[in-house]
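Working through the structure, step by step
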Amino acid sequence: MLLESLILQAKLFLQDDMGLSISDVQTRQLQQDTLTLKEYTSMIGVGGKINVMVVISYDQEMLEKLVELFMDGESLDPSEEQEIKDSVAGEVVNTIMGLALPTFPNRGKGVTITPPIAINNSTNLVKQKSSKIISVEIQTNCGTLSIHAIGAEDIIK
Amino acid sequence: MLNVLIVDDSLIIRKKINTILQKLGHKSVFDATNGQEAIDAYAKYRPDLVTMDITMPDMDGITAVKKIIGQDASAKIIMVTSHGQEDMVIQSIQAGAVGYMLKPITEEKLAQAIGEVFIEYATNDEDDDLEIDEL
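It should be emphasised that the depicted structure is a prediction, and the values quoted were computed from it without experimental measurement.

Of the regular secondary structure elements, chain B holds five helices and five strands. In chain B, the succession of α and β elements from N to C terminus is β-α-β-α-β-α-β-α-β-α. Within chain B, the fraction of its 135 residues that count as buried is 52%. Counting only contacts in chain B whose residues sit at least 6 apart along the sequence, the fraction spanning at least 24 positions is 62%. Approximately 6000 Å² of chain B is accessible, and the part contributed by carbon and sulfur atoms is 45%.

Let's shift gears to the nonpolar core. Residue and element names in this part refer to chain A. Core analysis: the largest hydrophobic core is formed by 63 residues, its most contacted members being Val 46, Tyr 58, Val 88, Val 92, Leu 145 and Ile 147. Counting residues per element, this core draws most heavily on helix α3 (residues 81-100), at nine residues. Not counting residues within four places of it along the chain, the set of residues in contact with Val 46 comprises Asn 51, Val 52, Val 54, Met 97, Val 111, Thr 112 and Ile 113.

This paragraph deals with the environment of Met43(A). Secondary-structure assignment places Met43(A) in strand β3 (residues 40-48). Setting aside residues no more than four positions away along its own chain, Met43(A) makes contact with Met53(A), Val54(A), Val55(A), Pro115(A), Pro116(A), Ile117(A) and Ile119(A).

It is worth spelling out helix α1 (residues 2-17) of chain A at this point. All names here are of chain A. End to end, α1 covers 21 Å across 16 residues, agreeing with the expected 22 Å (1.5 Å per residue, within 8%). Buried within α1 we find Leu 2, Leu 3, Ser 5, Leu 6, Ile 7, Gln 9, Ala 10, Phe 13 and Leu 14. A positive phi of about 75° marks Gly 19, the residue just after α1.

What follows deals with the pairing of strand β4 (residues 77-81) of chain B. Residues and elements named next belong to chain B. Here β4 lies mainly inside the structure; five of its five residues are buried. Here β4 shows two buried faces, one formed by Ile 77, Met 79 and Thr 81 and the other by Ile 78 and Val 80. Sheet topology places strand β3 (residues 49-53) next to β4; four bridges connect them, and they run parallel. The partner of Val 50 across the bridge, within β4, is Ile 77. Taken together, β3, helix α3 (residues 61-71) and β4 form a β-α-β motif whose crossover is right-handed. Of the strand pairs in this sheet, β4 and strand β5 (residues 99-102) are connected by four bridges, and their pairing is parallel.

Turning our attention to the packing of aromatic side chains. All names here are of chain B. The tally for this structure, following the rule as stated, stands at one aromatic pair over all chains. The interplanar angle of 25° and the centroid separation of 5.7 Å between the aromatic rings of Phe 30 and Tyr 45 together place this pair among those described as stacked. Of this pair, Phe 30 sits in strand β2 (residues 27-32) while Tyr 45 sits in helix α2 (residues 35-45), placing them 15 residues apart in sequence. Residue classification places Tyr 45 among the partly exposed residues on the basis of a relative accessible area of 33%.

On to the side chain of Ser57(A), then. All names here are of chain A. By the secondary structure assignment, Ser 57 is in strand β4 (residues 52-58). Here Ser 57 falls in the buried class, since its relative accessible area comes to 0%. A distance of 3.0 Å separates a polar atom in the side chain of Ser 57 from the backbone nitrogen of Lys 38. Looking at Ser 57, its side chain comes within polar contact range of the side chain of Thr 41, at 2.6 Å. Among residues more than four places away in sequence, those in contact with Ser 57 are Leu 37, Lys 38, Tyr 40, Thr 41, Thr 144, Leu 145, Ser 146 and His 148.

Glancing now at α2(B). Along an α-helix, residues three or four apart share an orientation, since each turn contains 3.6 residues. Residue and element names in this part refer to chain B. Turning to α2, its buried residues number three or more, namely Gly 35, Ala 38, Ile 39, Ala 41 and Tyr 42. In the core, the buried residues of α2 are packed alongside β1 (3-7), β2, β3 and α3. Measuring from the side-chain oxygen of the N-cap residue of α2 to the backbone nitrogen of Gln 36 gives 3.0 Å; that N-cap residue is Asn 34. At the C-terminal side of α2, Arg 46 shows a positive phi close to 45°.

Attention now goes to unusual backbone geometry. Residues and elements named next belong to chain B. At the junction of Lys 103 and Pro 104, the peptide bond is cis and its omega measures out at 0° in the coordinates. Mapped onto the secondary structure, Pro 104 falls in the loop between β5 and α5 (107-117). Of note in the backbone geometry, Arg 46 takes a positive phi value of approximately 45° without being a glycine. Here Arg 46 lies in the loop between α2 and β3. According to the relative accessible area criterion, Arg 46 is partly exposed, its value standing at 44%.

Let's shift gears to the confidence of the model for chain B. Do not read the predicted coordinates in detail wherever pLDDT is low. All names here are of chain B. Of all residues in chain B, 90% have pLDDT values of 70 or greater, and the mean over the chain is 88. Across chain B, the element-wise mean pLDDT spans from 88 in helix α4 (residues 86-95) up to 98 in β1. Among the prediction metrics, the complex's ipTM stands at 0.74, with pTM recorded as 0.81.

Attention shifts here to the environment of Leu6(A). By the secondary structure assignment, Leu6(A) is in helix α1. In this structure Leu6(A) touches Val54(A), Ile96(A), Met97(A), Ala100(A) and Ile147(A), once residues within four positions along its chain are discounted.

Thresholds, definitions, all that
Residues numbered from 1 in each chain as written. Chains lettered and ligands numbered in written order. Predicted model: local features only at pLDDT ≥ 70, side-chain atom pairs only at ≥ 80, totals over all residues. Heavy atoms only, no water. Helix = DSSP H or I, 4+ residues; strand = E, 2+ residues; numbered from the N terminus. Buried < 20%, exposed > 50% of the residue type's maximum accessible area, 1.4 Å probe, protein only. Contact = heavy atoms within 4.5 Å. Areas by Shrake-Rupley, 256 points an atom, 1.4 Å probe, with all protein chains shown as cover. Core = buried A, V, L, I, M, F, W, Y, C linked by side-chain atoms within 4.5 Å. Expected span 1.5 Å × (residues − 1). Pairing = 2+ DSSP bridges. Right-handed = clockwise from strand over helix to strand, strands pointing away. Phe/Tyr/Trp six-rings, centres within 6.5 Å; stacked < 30°, edge-to-face > 60°. Polar contact = N/O pair within 3.5 Å; in protein donor to acceptor, adjacent residues only side chain to side chain. pLDDT = per-residue confidence, 0-100.

In structure tokens, the structure reads:
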């Protein structure tokens, strides 16, 4: 349920807003407790009537392309590079989550989202025993974006 | 030319709005990263327009709108928001904001939002009505 909406909005965002081409989308449920993250990651907590953690991870090619598109032709100041990357990573998860929210039951009323949190220099997230990790890999002509939803299976699927 | 106060905790959004404002012939007087900075900067610079993010750390945009309107009832504040924050947009409008703009931010959207508030900067595209009526 939640994941389908996130996949749809992520695809629309990448295609329509960013102008990227999507070549493949693969969904899988992780059997292990640990989620291995890509180099650049941002996450948002979903609370209220739905409790899920949404994590979006980018490979280098994808994030660099998104930064280029967000910068709209402006040059990147090296002293701001890391902050810009974190900022873009956060804005993307924030935008996708915001687009998905009205498609949740009751148009997302009663559901809250936290500001995005950048995760740097961390390679793994370990889930609680009762929750599930369901992951989606969206491959584009400019790298891969991974969406991970962590929470109760009946809410995510 | 309008003097604009940009309020957003995201560096890339502040840069984007700044770049677009320059293209439109306006000027950012200060970039604030949270609501409290916005209130202080508003008192100092008295800008013609404020672009205000809703979700920010320390003090959110709705609280900042209330406090700025408390300082200056004629303040012109446009909320910058994502889809899915309609309830918060309504609260912002009730608090005194004059409009809103949905992310992703584009030159067309910002120009249109400014034109809705300042008639002298209005664009002529009738298809670009702000979505505020749909709330």
